[in-house]
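What follows is each chain in one-letter form.
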Amino acid sequence: MKGKRGTMGHLQWFIISAILLLLFFYAVLAFINKSAAGEITKQQVLAKQIALLVDASESGTELTIEKGNFTVSISKNKVDVSSKSLMSIHSTYELLSERELEIQEQQNKIIIKIFK
Amino acid sequence: MKMSKLFLRRKLWKRNKASRKMKELIKNKKALSLLGQKIPISFFILLILIPFILAGIVLITYAFYSHNIDVRQIEVNLIASKIANCMMKDGMLQDTDLLSLEKCGLNLNLDENYINITLEGKSISFGKEAYEVLCKLKGVTMQYKPTCLWQKYYAVKENSESVYLDLLVATIKGMP
């Protein structure tokens, strides 16, 4: 009986540690894959491009930007770009000026209306 | 004094005993007890080592593949044009007594930027003044040297007198 309980304990411990290790491996592999594919750099470029475009635009401008597979949000004067995958890394960039904006998301486009 | 010596000796003895036990366990490939369950010592070694190895791989990958896109030259141009537009309307100089960055619609982190406006010998500054010194340094290579822009604008005052507006904008925004 004692031996059986010991085996069960080992099994539980093994399953938990194996799951944790697999999760950790998955996170690391996902990060390496994203880095090697240049996805993080693309995110950074998109965030900076949007921020600079919004800053340079006059009031009343409407910007249509191809965002690809990324999710774009602008809040508190920060442009935030993240990927739609499970292990997503955020790229943020601050706007230079205080703008009043409205964002509409379409399939792979984002429309930014600059009011002020 | 004697008591503290005794206490220290006892503490050392306990520590030595623990390390001896640990070494014995590793040598004999025995198991450690955690939460009342027996776990092989190799598990512990594996669990401690693997995260370190993976963290190393992540750091190397990040250092090798990450690139910082430098847009500071565009930023300083934007800031300069926004300030100039705020101070002048159609080339006519506006009231500059109550000049502020908020009034010009700018929302800048003053730890990362420096702006100096000189008009008729008067100078107004915003941000870290140290960047002005760094901007004037020539022939020095630095990792965090700010990007600087000196701009001169020609403006007309209300009494048709012409003046020059000198702007210095420096930024280190977006540096890793």
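Analysis parameters
- Residues numbered from 1 in each chain as written.
- Chains lettered and ligands numbered in written order.
- Predicted model: local features only at pLDDT ≥ 70, side-chain atom pairs only at ≥ 80, totals over all residues.
- Heavy atoms only, no water.
- Axes fitted to C-alpha atoms, helices over the stretch in contact; angles between N-to-C directions.
- Helix = DSSP H or I, 4+ residues; strand = E, 2+ residues; numbered from the N terminus.
- Parallel < 35°, antiparallel > 145°, perpendicular 65-115°, else oblique.
- Left-handed = near helix turned anticlockwise from the far one by under 90°.
- Contact = heavy atoms within 4.5 Å.
- Nonpolar A, V, L, I, M, F, W, Y, C, P; charged D, E, K, R; others polar.
- pLDDT = per-residue confidence, 0-100.
- Disulfide = S-S within 2.5 Å.
- Patch = residues over 30% accessible without salt bridge, like charges linked within 9 Å, V, L, I, M, F, W, Y side chains within 5 Å.
- Areas by Shrake-Rupley, 256 points an atom, 1.4 Å probe, with all protein chains shown as cover.
- Salt bridge = Lys/Arg side-chain N within 4 Å of Asp/Glu carboxyl O.
- Lys, Arg positive; Asp, Glu negative; His and termini not counted.
- Charge placed at Lys NZ, Arg CZ, Asp CG, Glu CD.
- Buried < 20%, exposed > 50% of the residue type's maximum accessible area, 1.4 Å probe, protein only.
- Phe/Tyr/Trp six-rings, centres within 6.5 Å; stacked < 30°, edge-to-face > 60°.
- Lys NZ or Arg CZ within 6 Å of the ring centre and 35° of its normal.
- Pairing = 2+ DSSP bridges.
- Core = buried A, V, L, I, M, F, W, Y, C linked by side-chain atoms within 4.5 Å.
- Buried area = accessible area lost by both parts, 1.4 Å probe.

In this section: the packing of helix H2 (residues 39-56) of chain A against helix H3 (residues 72-87) of chain B. Orientation of H2(A) relative to H3(B), taken along the N-to-C sense of each, is 15°, at an axis distance of 11 Å. As judged from the angle between their axes, H2(A) and H3(B) are roughly parallel. Note that H2(A) runs across H3(B); the crossing there is left-handed. Residues A:Leu52, A:Asp55 and A:Ala56 of H2(A) touch H3(B), and the partners they reach there are B:Ile74, B:Glu75, B:Leu78 and B:Lys82. In the contact of H2(A) with H3(B), the residues fall into four nonpolar, no polar and three charged.

Moving on: the confidence of the model for chain A. In this model, chain A carries an average pLDDT of 83, and 91% of its residues clear a pLDDT of 70 or more. Per-element confidence in chain A is highest for H2(A), whose mean pLDDT is 90, and lowest for helix H1 (residues 2-37) of chain A, whose mean pLDDT is 76.

So, about the state of the cysteines. Residue and element names in this part refer to chain B. Under the counting rule described, the total for this entry stands at two disulfides over all chains. Sulfur-sulfur distance for the disulfide between Cys86 and Cys104 comes to 2.2 Å. What sets the handedness of the Cys86 and Cys104 disulfide is the S-S torsion sign, and at about -75° it is left-handed. You can see Cys86 sitting in helix H3 and its partner Cys104 sitting in the loop between strand S4 (92-93) and strand S5 (113-119), a full 18 residues away along the chain. Between the sulfur atoms of Cys135 and its disulfide partner Cys148 the distance amounts to 1.9 Å.

Let us look at a positive patch on the surface. Residues and elements named next belong to chain B. There is a patch of like positive charges on the surface, built from Arg10, Lys14, Lys17 and Arg20. Along the chain, Arg20 turns up in helix H1 (residues 2-28). On the basis of relative accessibility, which here comes to 49%, the residue Arg20 falls in the partly exposed class.

Now for the packing of aromatic side chains. For the structure on display, the rule yields three aromatic pairs over all chains. Taking the centre distance of 5.5 Å and the plane angle of 65° together, the rings of B:Tyr154 and B:Tyr164 count as edge-to-face. Taken together, the residues B:Tyr154 in strand S7 (residues 147-156) and B:Tyr164 in strand S8 (residues 162-171) connect sequence positions 10 residues apart. On the basis of relative accessibility, which here comes to 48%, the residue B:Tyr164 falls in the partly exposed class. The lysine or arginine in question, B:Lys152, covers the ring of B:Tyr164, its NZ or CZ lying 5.5 Å from the ring centre. Of note, B:Lys173 hangs over the ring of A:Tyr93, and the distance from its end group to the ring centre comes to 4.3 Å.

Moving on, we come to the sheet that holds strand S2 (residues 70-75) of chain A. For sheets, the rule is that strands pair by backbone hydrogen bonds, running either parallel or antiparallel. Residues and elements named next belong to chain A. Taken in spatial order, the three strands make up an open sheet running S2-S3-S4, and their pairing is antiparallel. Every other strand in the sheet has two partners, leaving S2 and strand S4 (91-94) as the edge strands with one partner each. Averaged over all neighbouring strand pairs, the angle between strand axes comes to 15°, with direction disregarded. Pairing of S2 with strand S3 (residues 78-83) involves six bridges; the strand directions are antiparallel. Among the inter-strand pairings, Ile74 is bridged to a residue of S3, identified as Val79. The strands touched by H2 within the sheet are S2, S3 and S4, with S3 carrying the most contacts at an inclination of about 155°.

With that out of the way, let us pick up the nonpolar core. If you look at soluble globular proteins, the nonpolar side chains tend to sit buried side by side. With 45 residues, the main nonpolar core has A:Ile50, A:Val79, A:Ile112, B:Ile79, B:Ile83, B:Ile115 and B:Ile117 as its most contacted residues. No other element matches H3(B), which puts seven residues into this core. Sequence-distant contacts of A:Val79, that is, excluding residues within four places in its chain, are made with A:Ala47, A:Ile50, A:Ala51, A:Val72, A:Ser73, A:Ile74, A:Ser91, A:Thr92, A:Tyr93 and A:Leu95.

The subject of this paragraph is the interface of chain A and chain B. Opposite the 29 residues of chain A that make contact, chain B presents 30 residues. Counting the surface lost from both chain A and chain B, the interface buries some 2900 Å², and carbon and sulfur atoms represent 70% of this. Among the residues of chain A in contact with chain B, A:Trp13, A:Leu52 and A:Leu96 are the three that bury the most area, contributing 24% of the side total. Run the count over chain A and chain B and you get zero salt bridges.

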